[in-house]
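Analysis of the macromolecular model
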Amino acid sequence: MALQLYDTLTRRMQPLVPQHAGKVGIYVCGPTVYNWIHVGNARQLVVFDTLRRWLARTGYTLTYVQNITDVDDKIIARAQEENLPAEEVAERFLAAFLEDAAHLGVRPPDAMPRATQYIPQMIALIATLIEKGYAYAAGGDVYYRVRRFPEYGKLSGTRIEALASGARILPGEAKENPLDFALWKGAKPGEPSWESPWGAGRPGWHIECSTMSTALLGPTLDIHGGGMDLIFPHHENEIAQSEAAFGAPFARLWMHNGMVTLSGEKMAKSLGNVRTVHELLQRFSGDALRLFLLSAHYRTPLDFDEHSLEQSQAAVRRLKTTVQNLSFAASHAVQGEPAVAEAAKRCIRRLETAVSAALDEDLHTARAIAALFDAVHEANQLLQEGCGAEAAAQLVTALEDTAALLGLEGWAGQTEALPAEVDALVRERAQARMKREWSKADALRSRLSELGWTVEDTPLGPRVRRRA
RNA sequence: GGUGGGAUGGCGAAGUGGCUAACGCAGCGGUCUGCAAAACCGCGAUUCACGGGUUCGAAUCCCGUUCCCACCGCCA
């Protein structure tokens, strides 16, 4: 069974068939860096990062490109508010974005082009569109002539006529038609600008993605992704630009993740109901947030509330505890029952099969997570029955591999070395227990807890871990 | 208005014709333990928004109803 993905354009599941066998070029619309990222942005990052991990695991070589919009109205507005150069605002929030992404276990993209680095290429693309009659300069701006592109609306399933009824031309715009959108915006005083054949100005938002994706991945992308709210007009406009200019399909597969809502309403900066990742990371682990974001299928809406996040935090704890307990068993040279070892192997096979089937079916992370916890449960049963060191080690590897696929990693199961002080207290407590000095043992346990360590008494001896 | 997507136990969330409706969290009872912790065992939706219908059989298909959300200016 090969990977099937839901394609927004054809509105059905499609097998992933890249242009070049074994290689996948993915372009995902990244953030406009004018603010901290919120949970909705995080969902997109985590979903597409998980896609990358799954593709890589199944043997694809990928080129994953995510752009950074670092020149735009909102950045300029913020810069004016704070009386700073726009460049500095962009720089600051780009750094914050990268930090948040790292905490969520999101790997850096292979390329992270920034709009301001591709101005000449954008100008060239706009010039091409003008030459071909798809764009026109007017009043210092350049607009795309939407009516010239008959397929306009194919991605979002809207007809030009339906759109036209609601559209209006704003004062100061010299559009031929209300639906036309800006490719180049003439500079207003005090705004960052670049020279162009049409005068000083800056690029429109949509043109950057057409330009940079083509520069890095060619005119046809294997997968183009983003949030569902970008389908119209952003991605529709990208298609119009790219297909008009290059005469090739812009993307072979369109993936869009669902929105995150807060109390049932879309979380959006413009609605002012955002919860920033930065703020949540003060109180929840990146793993918990990540598991929460993957707990529902990526195309369904996901309602954010802290209670759900707490539940995910608890689930992560269970996973980690099991891996640690298995590691503990693995570090003790115990000979297990052959039957248990066999059961462990079956458990691992089931896990791999189930996860693979789940992710192949439109990246169904919710089912993959369920399979992971099925395996956690089975592993705990085996541990209870007396799991040998070798089988325990195999289970650790299998659980960690699966968790890593979901981006939960870095908390390696191997028992970490104890600080000398902690080790001494653990030994002292073991002595006290041997002498049945319970109150002393309990006092030492409390002391360890204050130092941030949990000690559990098992048939194999004291099991120590960092307090959750 | 146009176009999409939803409604499943206390909460989150799988399941799209047929094993006892996954999995996680929370709760309750039990086992293990000096006490714990972790874990395990057991209990919990006679029912899948509501009303009809198709079928030997439906949460899953059809019709109708109610409610909710997203996109149609910016937004992941």
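Residues numbered from 1 in each chain as written. Chains lettered and ligands numbered in written order. Predicted model: local features only at pLDDT ≥ 70, side-chain atom pairs only at ≥ 80, totals over all residues. Heavy atoms only, no water.

Topic: the protein's contact with RNA strand B
- By nearness alone, 54 residues border RNA strand B, and Trp205, Gly227, Leu230, Lys266 and Gln381 come closest of all.
- Backbone atoms, meaning sugar and phosphate, form 65% of the atoms of RNA strand B found within 4 Å of the protein.
- Within the side chain of Arg318, an N or O atom sits 3.4 Å from a phosphate oxygen of RNA strand B.
- Within the contact set of RNA strand B, a phosphate oxygen lies 2.7 Å away from a side-chain nitrogen or oxygen of His377.
- Looking at the surface near RNA strand B residue by residue, the classes come out as 16 nonpolar, 23 polar and 15 charged. (Near = heavy atom within 4 Å. Polar contact = N/O pair within 3.5 Å; in protein donor to acceptor, adjacent residues only side chain to side chain. Nonpolar A, V, L, I, M, F, W, Y, C, P; charged D, E, K, R; others polar.)

A word on the domain arrangement of chain A
- Partitioning chain A into domains gives domain 1 (4-123 + 205-280), domain 2 (308-405) and domain 3 (420-466).
- Contacts between domain 2 and domain 3 engage seven residues on the former and seven residues on the latter.
- When the area that domain 2 buries against domain 3 is broken down by residue, the three leading residues are Gln324, Asn325 and Phe328, summing to 69%.
- At the junction of domain 2 with domain 3, the criterion picks out zero salt bridges. (Domains from an automatic or database assignment. Contact = heavy atoms within 4.5 Å. Buried area = accessible area lost by both parts, 1.4 Å probe. Salt bridge = Lys/Arg side-chain N within 4 Å of Asp/Glu carboxyl O.)

Side note on the sheet that holds strand β9 (residues 223-227)
- Spatial strand order, β4-β3-β9-β10: four strands in an open sheet with parallel pairing. Sheet topology places β4 (61-66) and β10 (254-257) at the edges, where each strand pairs with a single neighbour. On average, each strand axis in the sheet is inclined to that of its neighbour by 20°, with strand direction left out of account.
- Packing against the sheet, helix α7 (residues 231-246) makes contact with β9 and β10, and its axis sits at approximately 155° to β9. (Pairing = 2+ DSSP bridges. Helix = DSSP H or I, 4+ residues; strand = E, 2+ residues; numbered from the N terminus. Axes fitted to C-alpha atoms, helices over the stretch in contact; angles between N-to-C directions.)

What to know about the sheet that holds strand β13 (residues 302-304)
- Strands sit in the order β12-β11-β13 across an open sheet of three strands; the sheet is mixed. The open sheet is flanked by β12 (265-266) and β13, the only strands paired with a single partner.
- Two elements, strand β11 (residues 260-262) and β12, share two bridges in a ladder whose sense is antiparallel. Bridged to Leu262 within β12 is Glu265.

Let's talk about the confidence of the model for chain A
- On average, residues of chain A carry a pLDDT of 92, and 97% of them reach 70 or more.
- Here helix α5 (residues 160-166) stands out as the element of chain A with the lowest mean pLDDT, 70, in contrast to helix α4 (residues 119-131), whose mean of 97 is the highest. (pLDDT = per-residue confidence, 0-100.)

Section: the packing of aromatic side chains
- One pass over the structure, following the stated rule, counts eight aromatic pairs.
- The interplanar angle of 25° and the centroid separation of 6.2 Å between the aromatic rings of Tyr134 and Tyr144 together place this pair among those described as stacked. Of this pair, Tyr134 sits in the loop between α4 and β5 (135-138) while Tyr144 sits in strand β6 (residues 141-144), and the two are ten residues apart along the sequence. Tyr144 shares its class with Tyr134; the two are buried.
- Through pairs of rings, three or more aromatic residues link up here, namely Tyr134, Tyr144 and Phe181.
- The side chain of Lys74 reaches across the aromatic face of Tyr34, ending 5.5 Å from its centre. (Phe/Tyr/Trp six-rings, centres within 6.5 Å; stacked < 30°, edge-to-face > 60°. Buried < 20%, exposed > 50% of the residue type's maximum accessible area, 1.4 Å probe, protein only. Lys NZ or Arg CZ within 6 Å of the ring centre and 35° of its normal.)

With respect to α4
- Counted at 1.5 Å a residue, the expected span for α4 with its 13 residues is 18 Å, and the 18 Å between its end C-alpha atoms agrees.
- Of all the positions in α4, only Ile119, Met122, Ile123, Leu125, Ile126 and Leu129 are classed as buried. When α4 is viewed along its axis, its buried side chains cluster within an angular range of 160° and face the same direction. Exposed side chains of α4 directed beyond 90 degrees from the buried face belong to Pro120 and Glu131.
- Residues of α4 that are buried make contact with β5, β6, β7 (181-186), β8 (201-203), α6 (205-217) and α7. (Expected span 1.5 Å × (residues − 1). Arc of directions from axis to C-beta.)

Notes on the packing of α6 against α7
- Contact geometry for α6 and α7: axes closest at 9 Å, N-to-C directions at 50°. Compared by their axis directions, α6 and α7 come out oblique. Considering only the axes of α6 and α7, their crossing is right-handed. Counted together, Trp205, His206, Ile207, Cys209, Ser210 and Thr214 of α6 and Pro233, His234, Asn237, Glu238, Gln241, Ser242 and Phe246 of α7 form the full contact between these two elements.
- Taken together, the residues of the contact of α6 with α7 break down into five nonpolar, seven polar and one charged. (Parallel < 35°, antiparallel > 145°, perpendicular 65-115°, else oblique. Left-handed = near helix turned anticlockwise from the far one by under 90°.)

Describing the pattern of salt bridges
- Going through the model one piece at a time under the given rule, you end up with 32 salt bridges.
- Notably, a salt bridge pairs Asp442 with Arg445, separated by 3.4 Å at the nearest N-O pair. With Asp442 and Arg445 both in helix α15 (residues 438-450), this residue pair falls three residues apart, about one helical turn.
- Three or more residues are tied together by salt bridges with common partners; here these are Asp49, Arg53, Arg290 and Glu409.

A look at the side chain of Ser210
- Positionally, Ser210 belongs in helix α6.
- In this structure Ser210 comes out as buried when scored by relative accessible area, which is 0%.
- Setting aside anything within four residues of it in sequence, one finds Ser210 in contact with Leu125, Glu238, Gln241, Ser242 and Phe250.

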